Protein chains: 2
Amino acid sequence: MTVKFRKLALIGIGLIGSSIALAARRQGLADVISITTRKAETLEEARALNLGDVYSLDPAEAVAGADLVILCTPVGAYESVMKAIAPALKPGTILSDVGSVKRHVHQVVGPFVPEGVHFIPGHPMAGTEHSGPSAGFAELFSGRWSILTPEPQVDRAAVERVVAFWEAMGSDVELMDAAHHDLVVAITSHVPHLIAYNIVGTADELESVTKSEVIKFSAGGFRDFTRIAASDPVMWRDVFLTNRDAVLEMLGRFLEDLSMLQRAVRVGDGPALEELFTRTRAIRRSIIDAGQETAAPDFGRPHEAPPAPELPRFVKEHGGGEDA
Amino acid sequence: MTVKFRKLALIGIGLIGSSIALAARRQGLADVISITTRKAETLEEARALNLGDVYSLDPAEAVAGADLVILCTPVGAYESVMKAIAPALKPGTILSDVGSVKRHVHQVVGPFVPEGVHFIPGHPMAGTEHSGPSAGFAELFSGRWSILTPEPQVDRAAVERVVAFWEAMGSDVELMDAAHHDLVVAITSHVPHLIAYNIVGTADELESVTKSEVIKFSAGGFRDFTRIAASDPVMWRDVFLTNRDAVLEMLGRFLEDLSMLQRAVRVGDGPALEELFTRTRAIRRSIIDAGQETAAPDFGRPHEAPPAPELPRFVKEHGGGEDA
């Protein structure tokens, strides 16, 4: 299905908003891309990067006449955004978002959605640890999954247009209900972020091992955690403030399992350790087979060659042939 | 300092052993590379990969006449290896290893070290999630740190030769005592592996979220953990069996901090969450600045372009000019 909107309005222009702008432009998904954000300097950055066609600090002005409006701010800002834009949303407009939690979004945004506006919340499961308008790139969603959580009564044609929009940007799309989404992301995204933030915080505060030692010797595994622990602090604060129940549920499961693992270490239960460590290896294989991860060792991180060997002293002093 | 050994014997030829073989060959660090391992098929694989010069299933034969012997098996095999090779070690030989724990290695190997043999335990802080002889590459140690933990009375000239050996393979080298090493790696490597194994195990056993959902939506953060949770199961079993005290100490700190973070989520303490999430961002920056991590977003993972935009129907059916 070919999809095209007359006017796409992006509220917020960080990593996700700017990536949508670039991908929508490249794929020709909107005649006009309208960008609005709270801070004047961020808007100027977006303009300098040529991310859109029209720019405004006034969200109501930005959404006027738009047939697709996507909220791309941290979730904590949705309520004030909705107060500002709701009166400017015309019947037939599609309203979506990219927030990492969905039950809360339905609760907060739902009451502001005007009659005739199609509210189709979404969540692209893609990102990097960088943030801001300059962090975006058109390939961000390619091969990744986006989840949509419209209520059952929402107009099917509108849902299909949003599905087609994400598919045109290279994304696979799945529909599910908001409560299930929140559990899925609690285990695949939120708890991983929480424990990554936590161990990086722990390492930062030790007395027995210095911070400089943690940094020098981080290639033993620690540095893998620092990537997601470098994600946008405000966005992630809002995630944990708004997906509390699912996060605490999944964190509880994680902690139960960790208690058993802690005990296995304490009593020296080698077979239990080896069984877990063998089982977990298979999951990475499945993720690679599903096209969600690179098969290259070490994420494909660059590895530089060791220095050229020192020449024997005689060659160094007297030259050694055509290459010397 | 130029360093060269007459005969380098590698006991075990997995990821680390094979990487040493390739780097030592490339840098010209040994006249002869002798390889021994327990399984005949692994030895044949090493031979097919041309990793060494001589091959033997008999460790005593492999180390005969060697002036540098490096144990590259899982730590749990050290005792039986030492029983086999100790009688064949000549005075003046340097005996080293690459095990991830060091106090235990001193305790287990120490009693078997013959008079006149220089025992200089080591630990290169480098690796990938792959294992076996074919996983090795000469660049593995380049720019990474290797830690040596010789007792203070060990011959300085021998220690300097081992330092020069690692430096020639591109590694930076630091000396420290074994107990401190074990604490450093508990936080930079062992606890990160433990919690990665744990969350991957938790995700594998949920009923409320299917395994296929975990795999599909893993790009939200979870997949980062699967890399180190795919590391060699036997090696890591031995790590946790032999660095118990330091691991439990650091895991205790991690759990204390996680309890506070869990509480912050439960009570909705936004400022506490944002403060931690901001602080942890700085640590990644330091690791990148120290040359221990790539600055590329998402570890430099490949991102593919979205599909080419669909052409308007008229162009598809009737052709559209010179490119059609």
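Everything quoted here is computed from the prediction, not taken from an experiment.

A. The arrangement of the pairing of strand β9 (residues 172-175) of chain B in detail. Residues and elements named next belong to chain B. The pairing of strand β8 (residues 145-148) with β9 spans four bridges and is parallel. Counted as the bridge partner of S146 is V173 from β9. Taking the sense of rotation as the criterion, the β-α-β connection linking β8, helix α6 (residues 156-168) and β9 turns out right-handed.

B. Representation of the sheet that holds strand β9 (residues 172-175) of chain A. Residues and elements named next belong to chain A. Across the sheet, which stays open at both edges, the three strands sit in the order β7-β8-β9 with mixed pairing between neighbours. Where the open sheet ends on each side, the last strands, each with one partner, are β7 (122-124) and β9. Sheet twist, expressed as the average angle between the axes of neighbouring strands with direction ignored, equals 20°. Here helix α6 (residues 156-168) sits on the sheet in contact with β7, β8 (145-148) and β9, set at roughly 150° to β9.

C. Geometry of the nonpolar core. Core analysis: the biggest nonpolar cluster contains 128 residues, and I85, L95 and F254 of chain A together with I85, L95 and F254 of chain B have the highest contact counts within it. Beyond its immediate sequence surroundings of up to four residues, F254 of chain A is in contact with I195 of chain A together with I195, N198, I199, T202, F254 and L258 of chain B.

D. Highlighting helix α2 (residues 40-48) of chain B. Residue and element names in this part refer to chain B. Of the residues making up α2, those classed as buried are T42, L43 and A46. Within α2, the buried residues cover an arc of 100° as seen down the axis, which keeps them to one side. Opposite the packed face of α2, turned more than 90 degrees from it, sit the exposed residues E41 and A48. In this structure, the buried side of α2 is in contact with β2 (30-36) and β3 (54-56). Of the residues trailing α2, N50 is marked for its positive phi of about 60°.

E. Spotlight on the side chain of T202 of chain B. Tracing the sequence through the fold places T202 of chain B in helix α7 (residues 178-204). If we skip the residues at most four places from it in the chain, T202 of chain B touches I187, R253, F254 and D257 of chain A.

F. Here's a closer look at the relation of the copies chain B and chain A. Of the two same-sequence chains, chain B is brought onto chain A (RMSD 0.0 Å, axial shift 0.0 Å) by a rotation of 180°. With respect to symmetry, the two chain copies, as superposed, fit the operation of a two-fold axis. The residues that chain B uses at the interface reappear at the interface of chain A in 100% of cases, marking a shared surface.

G. Representation of the interface of chain B and chain A. With 123 residues of chain B at the interface, the matching set in chain A holds 123 residues. Summed over both sides, the interface of chain B with chain A buries roughly 11500 Å², with 64% coming from carbon and sulfur. When the buried area of chain B at its contact with chain A is split by residue, F217, F277 and R281 of chain B rank highest and sum to 7% of it. Linking chain B to chain A there are 18 salt bridges. The partner of D298 of chain A in a salt bridge is R227 of chain B, with the nearest N and O atoms 3.3 Å apart.

H. Broad picture of the pattern of salt bridges. A full pass over the atoms with the stated rule returns 54 salt bridges over all chains. We note a salt bridge from K4 of chain A to D31 of chain A, for which the minimum N-O separation is 3.6 Å. In this pair, K4 of chain A sits in the segment before β1 (5-11) while D31 of chain A sits in strand β2 (residues 30-36), placing the two residues 27 residues apart along the sequence. Looking at K4 of chain A, the relative accessible area reads 45%, which means it is partly exposed. Across the pair D238 of chain B and R237 of chain B runs a salt bridge, and its minimum N-O distance is 3.0 Å.

I. Representation of the domain arrangement of chain A within the structure. All names here are of chain A. Here chain A is partitioned into domain 1 (5-175) and domain 2 (180-293). One C-alpha centre belongs to domain 1, the other to domain 2, and the line joining them spans 30 Å. Listed as interface residues are 20 residues of domain 1 and, on the opposing side, 18 residues of domain 2. Between domain 1 and domain 2, roughly 1500 Å² of surface is buried when both sides are summed, and carbon and sulfur atoms account for 54% of that area. Our count for the contact surface shared by domain 1 and domain 2 stands at two salt bridges. Contributions of two or more residues to the side of domain 1 that touches domain 2 are made by α5 (103-109) and β8.

Each value, and the rule that gives it
- Residues numbered from 1 in each chain as written.
- Chains lettered and ligands numbered in written order.
- Predicted model: local features only at pLDDT ≥ 70, side-chain atom pairs only at ≥ 80, totals over all residues.
- Heavy atoms only, no water.
- Pairing = 2+ DSSP bridges.
- Helix = DSSP H or I, 4+ residues; strand = E, 2+ residues; numbered from the N terminus.
- Right-handed = clockwise from strand over helix to strand, strands pointing away.
- Axes fitted to C-alpha atoms, helices over the stretch in contact; angles between N-to-C directions.
- Contact = heavy atoms within 4.5 Å.
- Core = buried A, V, L, I, M, F, W, Y, C linked by side-chain atoms within 4.5 Å.
- Buried < 20%, exposed > 50% of the residue type's maximum accessible area, 1.4 Å probe, protein only.
- Arc of directions from axis to C-beta.
- Least-squares fit on C-alpha atoms with pLDDT ≥ 70 in both.
- Buried area = accessible area lost by both parts, 1.4 Å probe.
- Salt bridge = Lys/Arg side-chain N within 4 Å of Asp/Glu carboxyl O.
- Domains from an automatic or database assignment.

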